[in-house]
Amino acid sequence: MPERGLARSLVEAYLHLDLLNHDGEPGASRQATLTREPDGIIVTLGATEILVPYEAEAGAREEGALFGSGLSELIDPGQWALVATTYASRALEGALFAAADPSDDDLYESVATDWRFAADAVAEALKFFPPDEDELPPDAFWTELGRSVRESEPERLTRQKLESDLALYRKSLDDFHRLHADPS
């Protein structure tokens, strides 16, 4: 039986599966299966199993915490920074299309969701900082991808940079809502 990871929400579980990039397949998590067990929902893809406790999923929904509360055990801060950048890029591209066709409600929702995911991913990375520290400790990075970001772009993972990104993504979401809100 494969070792089970522990996720704080279904969204975090699916994101983790996509980061594992099964067989180079983007969006691999769409192939995952869900099984209900007494202690939670098991998300399975290939040899990877992730447990999402019922209480954690319910708490995440109740709090409006997309990825769950507390600190991730699956995704390290380097990966969160990459996720944030990916979603921000998608949001920027989508916003260009939305400006060309503001009547597309699905596109509007997609862009708003991408900005929210970008902001929430940065907030997740910020959770790893020790109080009053501006740098993340080396042991906060346990994945190859996360360590690679830390080694190649350490300036991307400072508290100041991440807080700046968070403010930018939240402002971009607010601006997008303001500029594209339905006037009726």
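This text gives an overview of the structure that appears in the document. Everything numeric here is computed off the predicted structure, so don't read it as measured data.

### Some thoughts on the environment of Leu 136
At step 1: Residue position: Leu 136 is located in the loop between helix H4 (105-126) and helix H5 (144-152).
At step 2: By relative accessible area, Leu 136 is classed as buried at 7%.
At step 3: The sequence separation of Leu 136 and Leu 82 amounts to 54 residues, and the corresponding C-alpha distance is 15 Å.
At step 4: Dropping the residues within four chain positions of it, Leu 136 is found in contact with Pro 77, Ala 125, Phe 128, Phe 129, Phe 141, Arg 150 and Leu 157.

### Re the packing of aromatic side chains
At step 1: Applying the stated criterion across every chain yields a total of 6 aromatic pairs.
At step 2: With a centroid separation of 5.7 Å and an interplanar angle of 80 degrees, the aromatic rings of Phe 67 and Phe 117 are classed as edge-to-face. One end of the pair, Phe 67, is in the loop between helix H2 (54-63) and helix H3 (77-100); the other, Phe 117, is in helix H4, with 50 residues separating them in the sequence. Each member of the pair, Phe 67 together with Phe 117, is buried.
At step 3: Ring centres 6.0 Å apart and planes at 50 degrees place the aromatic pair Phe 128 and Trp 142 in the tilted group. Of this pair, Phe 128 sits in the loop between H4 and H5 while Trp 142 sits in the loop between H4 and H5; the two residues are 14 residues apart in sequence, bridging distant segments of the chain.

### A look at the pairing of strand E3 (residues 40-45)
At step 1: Taking burial as the measure, the 6 residues of E3 include 6 buried ones, the bulk of the element.
At step 2: As paired elements, strand E2 (residues 33-37) and E3 share 5 bridges and run antiparallel to each other. For Glu 37, the partnering residue across the bridge sits in E3 and is Gly 40.
At step 3: Here E2 hands over to E3 after 2 residues, the two strands then running antiparallel side by side.
At step 4: Of the pairings in the sheet, the one linking E3 to strand E4 (residues 48-53) comprises 6 bridges and is antiparallel in character. Each residue of the ladder has a partner; that of Val 43, found in E4, is Ile 50.

Procedures and definitions
- Residues numbered from 1 in each chain as written.
- Predicted model: local features only at pLDDT ≥ 70, side-chain atom pairs only at ≥ 80, totals over all residues.
- Heavy atoms only, no water.
- Helix = DSSP H or I, 4+ residues; strand = E, 2+ residues; numbered from the N terminus.
- Buried < 20%, exposed > 50% of the residue type's maximum accessible area, 1.4 Å probe, protein only.
- Contact = heavy atoms within 4.5 Å.
- Phe/Tyr/Trp six-rings, centres within 6.5 Å; stacked < 30°, edge-to-face > 60°.
- Pairing = 2+ DSSP bridges.

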